[in-house]
Protein chains: 2
Amino acid sequence: MLPGVGVFGTGSTARVLVPLLKAEGFEVHALWGRSEEEACCLAKELGIPFHTSRSDDVLLHQDVDLVCIYIPPSMTRQIAVKALGIGKNVVCEKAATAVDSFKMVTAARYYPQLLSMMGNTLRFLPAFVAMRQLLVEGYVGEMQVCDVRVYGPSLLDQSYGWTCEELMGGGGLHTVGSTIIDLLSYLTGARAHRVHGLLRTFVQQNGLIRGIRRVTSDDFCFFQMLMGGTGSSSSGVCCTVTLNFNMPGSFVHEVMVVGSTGRLVARGTELYGQRNGSKGEELLLGDSGWVGPEVKEMPLPHLCGLSSMVKALRQSFQAHEERRSWARGPVATATTFEDGLYVQTVVEAVKRSSCSGEWECVEIMSQEPDPNHNLCEALQRNKN
Amino acid sequence: MLPGVGVFGTGSTARVLVPLLKAEGFEVHALWGRSEEEACCLAKELGIPFHTSRSDDVLLHQDVDLVCIYIPPSMTRQIAVKALGIGKNVVCEKAATAVDSFKMVTAARYYPQLLSMMGNTLRFLPAFVAMRQLLVEGYVGEMQVCDVRVYGPSLLDQSYGWTCEELMGGGGLHTVGSTIIDLLSYLTGARAHRVHGLLRTFVQQNGLIRGIRRVTSDDFCFFQMLMGGTGSSSSGVCCTVTLNFNMPGSFVHEVMVVGSTGRLVARGTELYGQRNGSKGEELLLGDSGWVGPEVKEMPLPHLCGLSSMVKALRQSFQAHEERRSWARGPVATATTFEDGLYVQTVVEAVKRSSCSGEWECVEIMSQEPDPNHNLCEALQRNKN
């Protein structure tokens, strides 16, 4: 039996998500928005019976068994941790910091019987599912290089907000780069241990953001990740990622894996391959023929991935009689909260690298930093 | 009147160059090869009246006024410097080291009345000539990012040789990266002041190179260059270059410049552009319709560029009555020996960065390093 759903957020993803959920047979019972007005407006538009601007009203709603959290990064941790504490299953967008991600991991570990997954949709896109399968089967031989390019128009909101602020989780690296970091660990089966990167904010002001306000989030980012073992520096896969969001009117989403005997390239939602020695590329998986609405802010791979993710959720839940029970199988490859912490750690290491100019190690937090740490240090200094 | 030409080298470039020279009306009088046999064989094939394996025989040949040097990097400096000393005009492939490049610069400065240019052909390719013109005219607005990708099959020779040896000037960075470094300074009108890079040799042995022999030259390289002034780190253009020569059966040569109001992309020999706000890309310059022979080792942009370079040389020389005189106009944008030193300096800085993991400064040599430097240091150490 499918669980009742509560949705947090009134942005473009929430707007797309609700119809997708309904199409798969989920009932969406409650919608949360930052203001009553926003919530009311979208609830009416999407035909959701209950709306609110108080988070507890959704979390404690008796018909809500699955909570989908699509709100700005700085607010996700709070809702996700609380939802798990109340005993609800959670699908959640990324957090703003590694510390927040760590708190989410702690909560997820504490409630292992509850579903807790990040909202990363690319892992569900058929092109990447097929790509991973082919990589496992050895289509490219030994993996050498992953080369990713995402080009598109500005990620900034119409008005000044979190998307403009690096510290609030805005910027190409945090918003899009994180989905690529996650995807590459899914595809390669390895994690980055050292990263190097460069971030730039080419457009610091525009027609809507001016005066003393400046954009601090990156609109161009280039980073490299060395994946895999801790062995010699030549071992493991090299990943290079180029993100450029100063290209209005275009959208390029290209993920290439080059190996010793061939290569695979996903362009948008299509998958191509070429084995060494063959004359040309072969189309391995065509366009999925997306028939849903086009969403300006949401590139097709994410849109199609979201659709596939909702299908997987339906399969996971419909296997069980009880509304809150779910089967691991259909969502086994989803991004876990642990993966979310890894991704956040890489994002922060790339930012550190952009400041230091050096390769930075990816060290995953294993315990929460002491909030009194700075205080202790100050006391120490006073003593000496 | 066109000068008589002497050609050094029997490789694929020399093989293409001679017919191009003849087609423009140059007479090729002499050919040098590393062995009598190689020289004889190619001279016969191309109908060159004189061949030799002794360099002086070409340099001192009375009908030779222009010397084209297309030989391995470790040997170019010696021939180029000598040719200028004898009073011949020189077109020369890259050297192996910055010290060698510096010696070539010194010679070129000493004989300013002689033509001395590097054999970089991309500056002559119509797509890049047009691209530069459009950049100057402000097509993209303020330049932000240059993004270059060159993918292709292995650069290694059939047998073990200099192409396998990093110290001999082999590898993707030295061979192809150097042409891109030069091109980007031509397009942006600026030079790199800091670089960061990573080199890899994924294929260290193959069917032909085995046993104790290993390839040391890179087959994968990506590097970043920060261009322009010495001001704040956010000023200037960011260039990212990805070179991958583990992709048999493919050839990608893409140079993109993104600016504040639009972008330009050269794919192969074609030029596309898109201004912000327009619906799609426009084709600005179509395929040049290359009708010459296809050369496996030589990508079309280099082949077409070589053809355009030979045309420019003809225009430069035919303006004058005297065989050795030339007009600066048609070759004004050619890569000078000074540019060659800059390129070599960047190449070495990228290699240093790949070892150190850090951003490296590009500091152009202003005087020849003292060959006794190490000796002096050793003496110093002994004293203390």
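Residues numbered from 1 in each chain as written. Chains lettered and ligands numbered in written order. Predicted model: local features only at pLDDT ≥ 70, side-chain atom pairs only at ≥ 80, totals over all residues. Heavy atoms only, no water.

1. Some thoughts on the overall build of chain A
Now for step 1: Scanning chain A for helices and strands turns up 10 helices and 15 strands.
Now for step 2: Against the globule reference of 21 Å for 384 residues, chain A gives a C-alpha radius of gyration of 21 Å, in line with a compact fold.
Now for step 3: Counting across all 384 residues of chain A, residues that qualify as buried make up 53%.
Now for step 4: Across chain A, the 34 positively charged side chains and the 39 negatively charged ones have centroids separated by 2 Å. (Helix = DSSP H or I, 4+ residues; strand = E, 2+ residues; numbered from the N terminus. Rg over C-alpha atoms; globule rule 2.2 N^0.38 Å. Buried < 20%, exposed > 50% of the residue type's maximum accessible area, 1.4 Å probe, protein only. Lys, Arg positive; Asp, Glu negative; His and termini not counted. Charge placed at Lys NZ, Arg CZ, Asp CG, Glu CD.)

2. Quick look at the sheet that holds strand S8 (residues 192–200) of chain B
All names here are of chain B.
Now for step 1: In spatial order, the strands read S14-S13-S12-S11-S7-S10-S9-S8-S15; together these nine strands make up an open sheet with mixed pairing. Edge positions in the sheet fall to strand S14 (282–285) and strand S15 (360–361), since each has one partner strand and no second.
Now for step 2: With two bridges connecting them, S8 and S15 associate as antiparallel partners. In the strand pairing of S15, Arg194 is matched with Cys361.
Now for step 3: Sheet strands touched by helix H6 (residues 126–136): strand S7 (143–151), strand S11 (252–259), strand S12 (262–267), strand S13 (270–275) and S14. Its angle to S12, the strand with the most contacts, is close to 170 degrees. (Pairing = 2+ DSSP bridges. Contact = heavy atoms within 4.5 Å. Axes fitted to C-alpha atoms, helices over the stretch in contact; angles between N-to-C directions.)

3. Brief notes about the interface of chain B and chain A
Where the parts come together, the accessible area they lose is often given as the size of the interface.
Now for step 1: Each partner contributes residues to the interface: chain B has 37 residues there, and chain A has 37 residues.
Now for step 2: Each partner contributes to the roughly 3100 Å² buried at the junction of chain B and chain A, and carbon and sulfur atoms together form 58% of this total.
Now for step 3: Three residues, Gln144, Arg200 and Phe202 of chain B, lead the burial of chain B against chain A; their summed loss comes to 16% of the area buried on that side.
Now for step 4: Linking chain B with chain A are two salt bridges.
Now for step 5: Where Glu254 of chain B meets Arg149 of chain A, a salt bridge forms, and the shortest distance between an N and an O atom there is 3.1 Å.
Now for step 6: On the surface where chain B and chain A come into contact, there are 13 residue pairs in polar contact (both at pLDDT 80 or more).
Now for step 7: Of all the elements in the fold, those that place two or more residues in the side of chain B that touches chain A are S7, S8, strand S9 (220–227), strand S10 (238–244) and S11 of chain B.
Now for step 8: Sorting elements by how many residues they give to the side of chain B that touches chain A places S7 of chain B first, with five residues. (Buried area = accessible area lost by both parts, 1.4 Å probe. Salt bridge = Lys/Arg side-chain N within 4 Å of Asp/Glu carboxyl O. Polar contact = N/O pair within 3.5 Å; in protein donor to acceptor, adjacent residues only side chain to side chain.)

4. Some thoughts on the environment of Leu17 of chain B
Residue and element names in this part refer to chain B.
Now for step 1: You can see Leu17 is positioned in helix H1 (residues 12–23).
Now for step 2: It is 11 Å that separates the C-alpha atoms of Leu17 and Lys311, two residues lying 294 residues apart in sequence.
Now for step 3: Apart from residues no more than four positions distant in its own chain, Leu17 is found in contact with Cys68, Tyr70, Leu306 and Val310.

5. Examining the sheet that holds strand S2 (residues 27–32) of chain A
All names here are of chain A.
Now for step 1: Spatial ordering of the open sheet is given by S3-S2-S1-S4-S5-S6, a layout of six strands whose pairing is parallel. The two strands at the open ends of the sheet, each matched to only one other strand, are strand S3 (50–52) and strand S6 (116–118). Averaged over neighbouring strand pairs, the angle between their axes works out to 20 degrees when direction is ignored.
Now for step 2: Sheet topology note: the S2/S3 ladder contains three bridges and is parallel. Following the sheet pairing, Leu31 is matched in S3 by His51.

6. Some details on the relation of the copies chain B and chain A
Now for step 1: Expressed as a screw transformation, the operator carrying chain B onto chain A has a rotation angle of 180 degrees and an axial translation of 0.0 Å, and the superposed copies differ by an RMSD of 0.0 Å. Overall, the copies show the geometry of a two-fold rotation axis. Minimal C-alpha distance to the rotation axis in chain B is attained by Glu358 of chain B, lying at 2.6 Å.
Now for step 2: Both copies share a contact surface, since 100% of the interface residues of chain B are interface residues in chain A too. (Least-squares fit on C-alpha atoms with pLDDT ≥ 70 in both.)

7. Concerning the nonpolar core
Now for step 1: By size, the foremost hydrophobic cluster in this structure holds 47 residues, and its most contacted members are Phe128, Met131, Ile181, Phe223, Met225 and Val346 of chain B.
Now for step 2: The element best represented in this core is helix H7 (residues 172–188) of chain B, accounting for eight residues.
Now for step 3: The contact partners of Phe128 of chain B, leaving out residues within four places of it in the chain, are Leu122, Leu183, Tyr186, Leu187, His253, Val255 and Ala266 of chain B.
Now for step 4: Counting residues in hydrophobic clusters, the runner-up holds 46 residues, among them Ala127, Tyr139, Val140 and Leu264 of chain A. (Core = buried A, V, L, I, M, F, W, Y, C linked by side-chain atoms within 4.5 Å.)

8. A look at the packing of aromatic side chains
Within a pair of aromatic rings, the relevant descriptors are the distance that separates the centres and the angle that separates the planes.
Now for step 1: Across all of its chains, the model carries eight aromatic pairs over all chains by this definition.
Now for step 2: Judged by centre distance (5.5 Å) and plane angle (70 degrees), the ring pair of Phe220 of chain B and Phe222 of chain B falls under edge-to-face. Each of the two residues, Phe220 of chain B as well as Phe222 of chain B, counts as buried.
Now for step 3: Here the aromatic residues Phe222 of chain A together with Phe202, Phe220 and Phe222 of chain B are joined through ring pairs into a cluster of three or more.
Now for step 4: A cation over a ring is seen here: Arg267 of chain A above Tyr272 of chain A, with NZ or CZ 5.0 Å from the ring centre. (Phe/Tyr/Trp six-rings, centres within 6.5 Å; stacked < 30°, edge-to-face > 60°. Lys NZ or Arg CZ within 6 Å of the ring centre and 35° of its normal.)

9. Here's the deal with the packing of H1 of chain B against helix H2 (residues 36–46) of chain B
Residues and elements named next belong to chain B.
Now for step 1: Relative to each other, H1 and H2 sit at 35 degrees, their axes nearing to 11 Å. In this structure, the crossing between H1 and H2 has a hand that is right-handed. Each of Ala14, Arg15, Val18, Pro19 and Lys22 in H1 lies in contact with H2, whose residues at this interface are Leu42, Glu45 and Leu46.
Now for step 2: Considered class by class, the residues forming the contact of H1 with H2 number five nonpolar, no polar and three charged. (Left-handed = near helix turned anticlockwise from the far one by under 90°. Nonpolar A, V, L, I, M, F, W, Y, C, P; charged D, E, K, R; others polar.)

10. What about the pattern of salt bridges?
Two side chains of opposite charge can pair, provided their charged atoms sit close to one another.
All names here are of chain A.
Now for step 1: Summed over the entire model, instances satisfying the criterion amount to 34 salt bridges over all chains.
Now for step 2: When the shortest N-O distance is used, the salt bridge between Glu93 and Lys94 registers 3.2 Å. Here Glu93 matches Lys94 in class, with each residue buried.

11. Observations concerning the UniProt feature "domain: Gfo/Idh/MocA-like oxidoreductase N-terminal" (unreviewed entry) in chain A
Now for step 1: UniProt tags residues 5–111 of chain A as "domain: Gfo/Idh/MocA-like oxidoreductase N-terminal" (unreviewed entry).
Now for step 2: Helix makes up 51% of residues 5–111 of chain A and strand 20%. Its end C-alpha atoms lie 19 Å apart. (UniProt positions renumbered as here; feature names shortened; annotations may be inferred.)

12. Some details on H1 of chain B
All names here are of chain B.
Now for step 1: Taking 1.5 Å per residue, 12 residues should reach 16 Å; H1 reaches 17 Å between its end C-alpha atoms and fits that length.
Now for step 2: Those residues of H1 that sit buried are Thr13, Ala14, Val16, Leu17, Val18, Leu20 and Leu21.
Now for step 3: Elements that come into contact with the buried residues of H1 comprise strand S1 (4–8), strand S2 (27–32), H2, strand S4 (66–69) and helix H8 (300–318).
Now for step 4: A positive phi of about 100 degrees marks Gly25, the residue just after H1. (Expected span 1.5 Å × (residues − 1).)

13. Side note on the domain arrangement of chain A
Residue and element names in this part refer to chain A.
Now for step 1: For chain A, the assigned domains read domain 1 (4–120 + 301–334) and domain 2 (123–285).
Now for step 2: The straight-line distance from the C-alpha centre of domain 1 to that of domain 2 is 25 Å.
Now for step 3: Buried surface at the junction of domain 1 and domain 2, summed over both partners, amounts to about 1500 Å²; 68% is from carbon and sulfur atoms.
Now for step 4: Counting the surface domain 1 buries against domain 2, the share from its top three residues, Asn120, Pro301 and Thr333, is 37%.
Now for step 5: One can count zero salt bridges joining domain 1 with domain 2.
Now for step 6: At the boundary of domain 1 and domain 2, one finds four residue pairs in polar contact (both at pLDDT 80 or more).
Now for step 7: For the side of domain 1 that touches domain 2, the secondary-structure elements that each account for two or more residues are helix H4 (73–86) and helix H8 (300–318).
Now for step 8: Of the residues assigned to the side of domain 1 that touches domain 2, the class counts are 11 nonpolar, six polar and one charged. (Domains from an automatic or database assignment.)

14. Considering H6 of chain B
An α-helical segment advances 3.6 residues per turn. Residues three or four places apart therefore align on the same side.
All names here are of chain B.
Now for step 1: Regarding H6, the residues found buried are Ala127, Phe128, Met131, Leu134 and Leu135. Looking down the long axis of H6, one finds its buried residues gathered within 120 degrees of arc, a one-sided arrangement.
Now for step 2: Just downstream of H6 lies Gly138, where phi reads positive at about 90 degrees. (Arc of directions from axis to C-beta.)

15. Side note on the confidence of the model for chain A
All names here are of chain A.
Now for step 1: In this model, chain A carries a mean pLDDT of 90, and residues with pLDDT of at least 70 account for 95%.
Now for step 2: For the stretch residues 230–234, pLDDT sits under 50, and the model shows two contacts to residues farther than four places along the chain or on other chains.
Now for step 3: Scoring the predicted complex yields pTM 0.89 and, for the interface, ipTM 0.85. (pLDDT = per-residue confidence, 0-100.)

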